[in-house]
Amino acid sequence: MDPRGLLNQLGIDLGDDDVRIEDILPLLEMMGLGSMRKRLPQYSTLEHAVDLIRSKQRIIVLSGAGISVSCGIPDFRSHGGFYEKVQEAGFERPEEIFDIELFRQRPEVFYRFARDLMPTGYTPSPTHFFIASLDEHSKLLRTYTQNIDNLEAQAGATHVLQCHGSMGSATCIECGHKVPIAEIAESTEDVPLCTHCDKEKRYLKPDVVFFGESLPSQFHQQSPVDFKECDLLLVMGSSLKVNPVAGLIRRTAPEVPQILINREVVGPPNHFDIHLIGNCDVVCAELARRLGWELPYDRTSSPDLPTRSTGEDGSYPSRFEEPNHTLFEGALSDELSIPQPSEGEASSQTTSSPDAQSTE
């Protein structure tokens, strides 16, 4: 039954025909009715993922904080992440430091923690370079990033939409004067002030989206167009807990494959066609190897890339588990874990999956 018919059965009348089905999918999921997307059973393995990336030309990447953790930038919600540090400082609701009204009244609360998030001195990860390689090979329609660190662009990607704004610059909340983020990073003031105006509350606010602010207009204008054209969706390093960005996974056509690259399984049950579970850097390095792409990163600068667990052919070890999980180093679940090789086993361990005989 289609979603409209299901709601009618529950006694909810949608009224006229102008109501879009995609608008009610989040409601259905909150009611425990699961994702309305049906998994495509013809895709399940790492080899299928490689073949899809090789054959598609309008790929969308949806990325979250997990792709930048190896760069030294804290993520927000995981154990040891940014919000946990804020909680330890006495904030019961750590998200409130990103509340726009609190910033207008007490900007020092935000700046007490914000300098950890400023993208100064960070180097893009192998995952950022993989996204840039998709762009270089004319396969990337756009990357929708929830991150504010600008590392996709620093790696060379040009088709980037920063859904939550950017830490690359800051704007005076009174006069609108814009400055590079370096001016804030180098400031010794508790709250950096605009030098372009003399208003009392001339606070410089990084150009990130705070709670209580709207997402950039480009997000609302571009996403309906892009997701209609998309022929493959890659979700990387995201908890898929923050809307409206998390809801983008429902925007693709039913026949468009979706691949999750993450340390743990997230999203609606049975939603993704292929799960590549482990450190994003490891997964993306293996995908690039199989695609024959060279990623221009310094191997020693990525702590998530094992230096001793590659096979003789340079592969990263993985294991397939039915129905559609390939597990790499860094997988975060008791049921989804890949044994770490000892020193002697490192060179002999290889990838195991139903299509292991196929060649890339």
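Predicted, not measured: the structure shown is a model, and the values here were computed from it. Position numbers for residues start from 1 in each chain and track the written sequence from start to end. With pLDDT at 70 or above as the cut-off, local features in this predicted model cover only qualifying residues; side-chain atom pairs require 80 or more to be listed or tallied, and sums for whole chains, interfaces and linings still use all residues. The side-chain figures draw on all heavy atoms in the structure; neither hydrogens nor water molecules are used.

J.: An account of the overall build of the protein chain is needed here, citing residue identities and associated values.
T.: Secondary structure elements are defined from DSSP: runs of H or I of at least 4 residues count as helices, runs of E of at least 2 residues count as strands, and each element is numbered from the N terminus. A count of helical and extended segments in the protein chain gives eleven helices and eleven strands. Each residue is assigned to one of three classes by its accessible area relative to the maximum for its type, calculated with a 1.4 Å probe on protein chains only: buried under 20%, partly exposed between the two thresholds, exposed over 50%. Looking at the protein chain residue by residue over its 360 residues, the buried ones come to 50%. Pairs at least 24 apart in sequence give 66% of the contacts found in the protein chain among residues at least 6 apart. In these tables, accessible area is a Shrake-Rupley quantity obtained with a 1.4 Å probe, and a residue counts as shielded only by the protein chains included in the view. Total accessible area computed for the protein chain in this model is approximately 17200 Å², and 47% of it derives from carbon and sulfur atoms. In this description, contact between two residues means that some pair of their heavy atoms is separated by no more than 4.5 Å.

J.: Requested: an account of helix H6 (residues 107-114), with residues and values cited.
T.: Within H6, six of the eight residues are buried, which leaves it mostly tucked inside the rest of the structure. Of all the residues in H6, the buried ones are Pro107, Val109, Phe110, Tyr111, Phe113 and Ala114. For H6, the elements touching its buried residues are helix H4 (82-88), helix H5 (100-105), strand E4 (165-172), helix H9 (181-185) and strand E6 (204-208).

J.: Any details on unusual backbone geometry? Residues and values, ideally.
T.: Across the junction of asparagine 243 and proline 244, the peptide omega takes the value 10 degrees, indicating a cis bond. Mapped onto the fold, proline 244 is located in the loop between strand E7 (232-236) and strand E8 (258-262). Residue glutamate 322 is joined to proline 323 through a cis peptide bond whose omega torsion reads 0 degrees. Tracing the chain through its elements places proline 323 in the loop between strand E10 (319-321) and strand E11 (325-327). Its identity is not glycine, yet serine 138 carries a phi of approximately 55 degrees, on the positive side. Looking at the element boundaries, serine 138 is found in the loop between helix H7 (126-136) and strand E2 (140-145).

J.: Describe in detail the sheet that holds E6, supporting the description with residues and values.
T.: Strands belonging to one sheet form pairs held by backbone hydrogen bonds; the direction of such a pair is parallel or antiparallel. A pair of strands is treated as paired once DSSP finds two or more bridges between them. The sheet built from three strands is open, its strands ordered E5-E4-E6 with antiparallel pairing. The strands lining the two open edges of the sheet, one partner per strand, are strand E5 (178-180) and E6. Going from strand to strand, the sheet's axes swing by 40 degrees on average, the running direction of each strand aside. Angles shown run from 0 to 180 degrees and are taken between the N-to-C directions of axes, each axis being a line fitted to C-alpha atoms and, for helices, limited to the stretch in contact. Sitting on the sheet, H6 is in contact with E4 and E6, with an inclination near 60 degrees to E6.

J.: Go over the packing of aromatic side chains with me, naming the residues and quoting the values.
T.: Two rings belonging to Phe, Tyr or Trp (six-membered ring only in the last case) form a pair when the distance between their centres is within 6.5 Å. Interplanar angles under 30 degrees mark stacking, angles over 60 mark edge-to-face geometry, and anything in between is tilted. Applying the stated criterion to the full structure yields eleven aromatic pairs. Centre to centre, the rings of phenylalanine 103 and phenylalanine 110 are 5.8 Å apart; their planes meet at 75 degrees, and the pair counts as edge-to-face. For the pair phenylalanine 103 and tyrosine 111, a centre-to-centre distance of 6.1 Å together with 50 degrees between the ring planes defines the contact as tilted. Of the two residues examined, phenylalanine 103 and tyrosine 111, each falls in the buried class. Through a chain of ring-to-ring contacts, three or more aromatic side chains come together here, namely Phe98, Phe103, Phe110, Tyr111, Tyr203 and Phe210.

Note that all results are geometric; they support no functional claim without further evidence.
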